[in-house]
Structures are given as structure tokens and as C-alpha cells.
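# Fold and contact review
The chain contents come next:
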Amino acid sequence: MYPLGFLPFFYSLVPEWGAVGFALVIPILVLALWFYTIVTRSASSTQPDDAPVYLPGSSLLHILPFFHHRFDFINQGFQLAGHAIYQFTLLRTPVIVLSGEAARRDFFQAKDLDLNAGFKFLSGAIPMMPGVTSNLEARRIALIHKRLVSSQTTERLTRLLPQILEDSRRTLDSWGFSGTFDPFERLPELIFQTTVRCLAFGELADDRVAVARLKSLYDTLDTATTPATVLLPWLPGPSAVRRLLATKRIYDIIGGALDARTAGGVARDDTPQMLIDAGDERMIIIGFIMGLLVAGARSTGTTASWLITFLSGHPHWKAKATEEARRLVAKHAEHARTTAPPPPQEASPQARRCASDLSALTATLSSIPLSAWETETPVLDALIRETLRVAEPHVAMRQYLPPTTLDEKAEPLYLGGKAVPPGAFVMYPFSDVHLSPEVYKDPWRWDPGRTEMSLKAPYAYVGMGAGSTVCLGKRLATLELKLITALFVLGFDELRAVDGTGAPLAALPRPNWNDILTCRPAAGSCYVRFGRTVAGAGA
């Protein structure tokens, strides 16, 4: 299926090794191809009867499509293997791919599948710093998870709610009162800003230049993540060096903010202060922020991008969301006047009025209690849930690491009736259920009013995880999405999907599940035209 898969992978590695090693590249790769082909054939011929079938072809031919076209690779793998469960190797590492109701249930209920090990090996797009964000002891991982839960208490989120809205207001104000924006550029920027506010130092969140610099460095980690940097992390090529430098600079920014806070002796009401007051080690605090900034902002940014895009192409659902937000305002809001600074005098009268209205709207939404946002917004819940189903290209990744002693041999784990040996990596693509026509009628269609959402089938919806691995940041991410959506539907009279010329789109582009980080469609295929609401907050 991928007869030319080796060739582009070869060219991607040549720059990594440089001109000096070029003469060694061809014989090394030829020997490697021969060796791994023999290993793959030997391994597949000695597998027990209950082992998953092997994907045909050499393991080297699987590398490039796995990393660059993962959605197509996985689905074509099911066709080539002819089974609902199959395996392949990345170099010599076995990877088992699951599908089907039984395997899905077993996967999400299994106790010895390690999330951290799987994510580290199969993703790679995260700042890896031993002892800070990777190679952590179980005790440190548990502590980071505990702190993440503590950062989302009702008391904490109540204090964050107006800050998220104010950051969002300032960002929207910078766009002007009408125009066109790329939702796949602007919404991730907005979400990154609010995520820095929620999880990092307040001083950083107040500095828009520092936030932009941090996001640029995290974007570098994404673009510099290649098959070579994941599978051959010891290889000191240009991409590996870029990743190393970006990671070091992220560390320096966050570490510098921590040092300034502790040296100044002035406490602030933010998440890092909670860790400082708890006496956490420096590396725990820095690792907490470095890892969670990218994990939170990337997935939530993808969801926000598509949510606003879908609303811009479905005016019926925008009207429903607007109606719900207005009911929330009418029931709960205290119509206090904003204390935000006024717009600049040099702004036009219309711009000043729009800015003032957006400030008033922010103050109004801020006065709505957290409990109302979490329990009285069924339309917003449906919008988020359906967006996660259609446009979150997640593949759950785990490694089977059973607890053993020196005197006992680990037994295989059975998922969907197939044996998973100790040390093997396991993948479950969310597309198996979320885009299944057997579960969801016309699965690519975005429809928050679906009746299938109430299905009782086990794990028919796994949007923010399921079983023992539900997203620990779910409460915060959901609140961010609801607040930003409310600000958009009440703050903008016009939200319209358009093409590059400004003409309305006849149909929205389909989410690109091969883009495993952002699900972004083809560049330039979709923009959103907006016009600011001039009327009062709850009108």
C-alpha cells in the first residue's frame, strides 16, 4: 500500500545526518531494511495463535505514513490485515491497533496500560526534559495529577472565571469591531492565553509578548517533531536541536518566572502559588506548567477552533446558543458596570461603543455563578460534545507494563480476545467509534441534536477519555470553552464561514483527522467573518 513510503523517509533523514555522514546513509539504511524485514517476518511466523495478525510489509515502510497520515494508515491497516485488531512494528517496537466494541471496552477498563509511557513514545510533541516532564517517578506523576485536580476546585474556578473572560475580551478587542479571521490561528492563540492564565504565573499571563513567545516555542516543538526525533531521539540532527533549544527556552521562561516570584516574596492568587505554598520541589512546579500548558492548550484550542467554525456555518445552532446564553444572563447576571479601562480616545465612535459593549458583556457574564455554567447549559454541553466527536483526532496510546517480581513471568493482557505481550504498545483510535456509521448515522455530519448521544452501548462516546483515564483537566477545559462560546455568540451579531475572498461557504470543510494535533483543514479553505454586537449585554 505504501511502496514509496521508504523514499521520503530516507530524504527526511539525510538532512538529519548531514553531508559528512551521507556516504554512510545508503549502506546503513539498506542493511537496516534487510535486518528489520527479516526480524518482522521471523516475528510474525512465530506468533501464538491468539496474537494479533501482523500488518503486511516491512516495518520501515510503515513509519512515514504512521506519523504523517495516521488516520489513513490506521484505517487502511484494518483493510490490509483483514481483522479488527492487528499489529505492526516501529523499528523493533510492537504496536497493536484495536477496534470494535469488545476491544474498546477491554482497553478502557484495563488496569496495567500505562498512559504516560504510551504518550511519550508514540507522540513526541511535548517538551521532554528528564526529571521535569519525562522519566518521572510514579510518586511525582501522582503529585502532578493531584495538583491538577486541586487547580480545578470550585473555589479556584470561581476566581478564574472572570479572568478567563477578561483575557478573552482583550483578545477580541484587538481584532477590531468587524473583519475576517482564521479560526485555526486565532482561537488557539486565545486558548493558549487563557490556559497560561489558568495554569501558569499571573505575571506571564499579563505579558502578551511573553505569552506569544511561549506559544511560538511550543509551535516549534510541533513542527520539529519528526519520525527521526521520536524513534531516534539520540540523533543530533537539526530537528532534534530545534526541539532541544525550544524546550530549554520554555524551561528558562517558566523557571525565570518562578525564581522572580520566590525572590520577590510577593504571593499571587494563581496555580503556581498553590504549588509553592504546598512546598513542592522546583522541578515539580516547572514540569507541571511545561507539560500541562501544551496538553491543555493544544486539545482545547483544537476544539475551540472547530466549535466556532461549526457555529459560523450553522446559524440555527448559533441562535440556540445565543438564546441559552441570554437566558443564563436574565436568570443569574448582576448587571454591574465594568471596571475595564475605556477604549482609546483616538478610536472611532463605533469602535468605542463596541468595545464598551464587549466590556459590559464580560462583566455581566463574570457575575454568573460557576454552578450555572456547569449545570444549566445543555446547549453548550451538546455543542462541545458533538465537536469533540467530529473534530478531535485523538488516538489513545498506552503501553502494557504489568507489575512483576524477579520470580514471576508477566502474563499477556487480553484485549478483544487477542494477546498483548508485556512491553507492547496499544492504540485505540477514537475514530473507530466516533466516526462509525454503525454507531452514528452520517458520522461526519456535525449535529449537536443527535439522539445517538444517549446510546447505552459501552463507551459509545469517549470525547475526553473514558474508564480509568478520563481527562484530568476536563472541568477547566469545558469551562473555558463555554465562556468563550458565550462571549462569541453574544458579542458578535455576525459569525459567517467564508472563503479566502470573503464569499460565504456553501459547505464547511471536513476536519482533517490526519492532522493528529489540530485536525486543521487545508490552509485557506475556511475563514470566519465577524461583526461586533453594538447592543447591550443581555439584549
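As recorded by an unreviewed UniProt entry, the protein carries the name Lanosterol 14-alpha demethylase and is attributed to Trametes pubescens. The protein has a UniProt comment under Cofactor (unreviewed entry) that states "heme".

## Concerning the packing of aromatic side chains
This model, assessed by the stated rule, comprises 24 aromatic pairs. Measuring from ring centre to ring centre gives 6.1 Å for Phe107 and Tyr428, while their planes differ by 35°; the resulting arrangement is tilted. A residue pair is termed long-range when its members are at least 10 positions apart, and Phe107 in helix α5 (residues 101-109) and Tyr428 in strand β9 (residues 425-429) qualify at 321 residues. Residue Phe107 shares its accessibility class with Tyr428, and that shared class is buried. Taken together, a centroid distance of 5.8 Å and an interplanar angle of 50° make the contact between Phe181 and Phe530 tilted. In this pair, Phe181 sits in strand β5 (residues 178-181) while Phe530 sits in strand β11 (residues 527-532), placing the two residues 349 residues apart along the sequence. Residue classification places Phe181 among the buried positions, given a relative accessible area of 2%.

## Topic: the UniProt feature "binding site: heme" (unreviewed entry) in the protein
Under the local residue numbering, the UniProt record ascribes the feature "binding site: heme" (unreviewed entry) to Cys471. On the secondary structure map, Cys471 appears in the loop between α20 (431-434) and α21 (474-491). Judged by its relative accessible area of 38%, Cys471 falls in the partly exposed class.

## Concerning the packing of helix α11 (residues 208-223) against helix α15 (residues 282-313)
When two helices pack together, their arrangement is given by the angle between their axes and by how far apart the axes lie. As a packed pair, α11 and α15 sit with axes 11 Å apart at the nearest point and diverge in direction by 80°. Considering the angle they form, α11 stands roughly perpendicular to α15. Each of Leu214, Tyr218 and Asp222 in α11 lies in contact with α15, whose residues at this interface are Ile289, Met290, Leu293, Val294 and Arg298. Its residues assigned to classes, the contact of α11 with α15 comprises 6 nonpolar, no polar and 2 charged.

## Notes on the sheet that holds strand β1 (residues 53-54)
Reading across from one edge, β1-β2-β3-β9-β6-β4 is the order of the 6 strands in this open sheet, with mixed pairing throughout. The open sheet has two edge strands, β1 and β4 (113-114), and neither has a second partner. As judged from the 5 bridges shared by strand β2 (residues 86-90) and strand β3 (residues 93-97), these two strands associate in the antiparallel manner. Its bridge partner being in β3, Gln87 is matched across the sheet by Ile96. Together, β2 and β9 form the strand contacts of helix α3 (residues 60-68), whose direction differs from that of β2 by roughly 100°. Against the sheet, α5 contacts β4, β6 (395-400) and β9, and its axis sits at roughly 120° relative to β9.

## Details of the UniProt feature "transmembrane region" (unreviewed entry) in the protein
According to UniProt, the "transmembrane region" (unreviewed entry) feature falls on residues 20-39 and 283-308. Along residues 283-308, the helical share is 100% and the strand share 0%, with 37 Å between the first and last C-alpha atoms.

## Observations concerning the sheet that holds strand β10 (residues 492-498)
If you trace the 3 strands from one edge of the open sheet to the other, you get β5-β11-β10, paired in antiparallel fashion. Looking along the sheet, the strands with just one partner apiece sit at the ends: β5 and β10. Strand-to-strand twist across the sheet, computed as the mean angle between neighbouring axes with direction ignored, equals 20°. Note that β5 and β11 share 4 bridges and pair antiparallel. The residue of β11 that forms the bridge with Phe181 is Val528.

## Some words on the side chain of Gln273
As for its placement among the helices and strands, Gln273 is situated in helix α14 (residues 271-277). Judged by relative accessible area, which is 8%, Gln273 ranks as buried.

## Focus: the environment of Ala257
Along the chain, Ala257 turns up in helix α13 (residues 238-264). By relative accessible area, which is 13% here, Ala257 ends up buried. Linking Ala257 and Leu204, residues 53 residues apart in sequence, is a C-alpha distance of 7.4 Å. Filtering out sequence-adjacent residues up to four positions away, Ala257 remains in contact with Phe201 and Leu204.

## Examining the confidence of the model for the protein
Confidence in the prediction for the protein averages 85 pLDDT; 81% of positions are at 70 or higher. Within the model, pLDDT remains below 50 along residues 1-26, and this stretch shows 34 contacts once partners closer than five positions in the same chain are excluded. A low-confidence stretch, residues 40-44 (pLDDT under 50), is modelled with 5 contacts involving residues beyond four sequence positions or located in other chains.

Rules used throughout
Residues numbered from 1 in each chain as written. Predicted model: local features only at pLDDT ≥ 70, side-chain atom pairs only at ≥ 80, totals over all residues. Heavy atoms only, no water. UniProt positions renumbered as here; feature names shortened; annotations may be inferred. Phe/Tyr/Trp six-rings, centres within 6.5 Å; stacked < 30°, edge-to-face > 60°. Helix = DSSP H or I, 4+ residues; strand = E, 2+ residues; numbered from the N terminus. Buried < 20%, exposed > 50% of the residue type's maximum accessible area, 1.4 Å probe, protein only. Axes fitted to C-alpha atoms, helices over the stretch in contact; angles between N-to-C directions. Parallel < 35°, antiparallel > 145°, perpendicular 65-115°, else oblique. Contact = heavy atoms within 4.5 Å. Nonpolar A, V, L, I, M, F, W, Y, C, P; charged D, E, K, R; others polar. Pairing = 2+ DSSP bridges. pLDDT = per-residue confidence, 0-100.

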